[in-house]
Amino acid sequence: MMKCYIDRVVRDSDVVTDIKLLIPDAAQRRRMSKVIKTAVSTAVECVQGVENIDSLDAIITATGWGCLTDSERFLRNVINDKEQLLNPTPFIQSTFNTIGGQIALLRHNHCYNVTYVNRSHSFEDALLDAMMRIADGESENILLGAFDEQTPSQHTIMERMGAFRKYKDGEGAVFATLTAEKTPTSLAQIETIDFLTHTLTKDECLAKYASTAESKLLYNSFAEYGLFPTSSAYCFAEAVKQIKEGAAEVIIYNEYFGAKPVVLKIKCIC
């Protein structure tokens, strides 16, 4: 059984530090799009200061859509400028691994750095990688993050596909620090991650995964945060919050928009 400890979890809405302290280089800040600023500042807030990026031995990020604003800007420039005199910045910042790279560049950290892009399983795939690295002894202090942004074009396309008949649109960034060993600041531990092949009802999920009658269940709660591929990271943050508030065990079940279900089990540190 793979176990790792959650030391800290920060959502983009939790960031309170001045962005000038989180991203000290003014020129670098100016070049960043909204999602890059949001995700990088959330990451730095999570590690509690840019200097603490030095201690990371892995940076693992997840996204379903990537940096849509820069991708759209680059493609529009290709069309409008007829492929002549193109500004390389939107292209450079349009790649899925832009966020992970920007975090590392803040302190020139050359640790393991990978981004997972697998639609609604992106966050869970990144988390599984982090857990496996800890279990194999390859990493001890990991920064795990997920991000996605919405744009008017994306919203229009998905609306035409009927995506918002049942769900609202959403976006956001969540970062967490995971450690191999329990520390005085550890909040909870991840005990289980399962990728299922079939749907479970609430009762079936509790019967299979709950250790006690008091176990909490977040069942498809991703819908509360809007429709974006890594909204399950918000469920992860909510589970840790409930552990901090006294819950002994929280089970997360997500069957995102028709994808295969994933179950996470997070426990308090007793």
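Being a predicted model, the structure only gives us computed values, none of them experimental. (Residues numbered from 1 in each chain as written. Predicted model: local features only at pLDDT ≥ 70, side-chain atom pairs only at ≥ 80, totals over all residues. Heavy atoms only, no water.)

Chemist: Any chance you could break down the pairing of strand β2 (residues 58-62) for me, citing the residues and the numbers?
Modeler: When you tally the buried positions in β2, you get five out of five residues, the bulk of the element. Neither face of β2 is exposed, since Ala58, Ile60 and Ala62 on one face and Ile59 and Thr61 on the opposite face are all buried. Where β2 lies against strand β3 (residues 112-116), five bridges are found, and the strand directions are parallel. Within β3, the residue paired with Ile60 across the bridge is Val114. (Buried < 20%, exposed > 50% of the residue type's maximum accessible area, 1.4 Å probe, protein only. Helix = DSSP H or I, 4+ residues; strand = E, 2+ residues; numbered from the N terminus. Pairing = 2+ DSSP bridges.)

Chemist: Can you break down the nonpolar core residue by residue, with the values?
Modeler: With 49 residues, the main nonpolar core has Ile6, Val9, Leu127, Leu178, Ile190, Phe236 and Ile266 as its most contacted residues. Among the elements that take part in this core, helix α10 (residues 232-244) stands out by supplying eight residues, more than any other. Among all residues touching Leu178, those that are not within four sequence positions of it are Cys4, Tyr5, Ile6, Leu127, Ala130, Ile134, Glu140, Asn141, Ile142, Leu144 and Ile190. The next biggest cluster of nonpolar side chains, apart from the first, holds 26 residues, and it includes Val47, Val50, Ile53 and Leu143. (Core = buried A, V, L, I, M, F, W, Y, C linked by side-chain atoms within 4.5 Å. Contact = heavy atoms within 4.5 Å.)

Chemist: Break down the packing of aromatic side chains for me, citing the residues and quoting the values.
Modeler: In total, this model carries six aromatic pairs according to the counting rule given. Residues Phe123 and Phe236 carry aromatic rings whose centres are separated by 5.4 Å and whose planes lie at 65° to one another, so their mutual orientation is edge-to-face. In this pair, Phe123 is assigned in helix α7 (residues 122-135) and Phe236 in helix α10, connecting sequence segments 113 residues apart. You'll find Phe123 and Phe236 in the same group, each marked buried. Measuring from centroid to centroid gives 5.2 Å for Tyr225 and Tyr234, while their planes differ by 35°, and the two rings are tilted. Residue Tyr225 shares its accessibility class with Tyr234, and that shared class is buried. One residue, Arg133, lies across the ring of Tyr112, its end atom 3.7 Å from the ring centre. (Phe/Tyr/Trp six-rings, centres within 6.5 Å; stacked < 30°, edge-to-face > 60°. Lys NZ or Arg CZ within 6 Å of the ring centre and 35° of its normal.)

Chemist: Any details on α7? Residues and values, ideally.
Modeler: If you check α7, its first and last C-alpha atoms are 20 Å apart, about what 14 residues at 1.5 Å a residue would give, namely 20 Å. With respect to burial, α7 is a largely interior element, 11 of its 14 residues being buried. Within α7 the residues assigned to the buried category are Ser122, Phe123, Glu124, Asp125, Ala126, Leu127, Asp129, Ala130, Met131, Arg133 and Ile134. Gly137 lies just past α7 and shows a positive phi near 75°. (Expected span 1.5 Å × (residues − 1).)

Everything listed here is a matter of geometry and, on its own, says nothing about what the molecule does.
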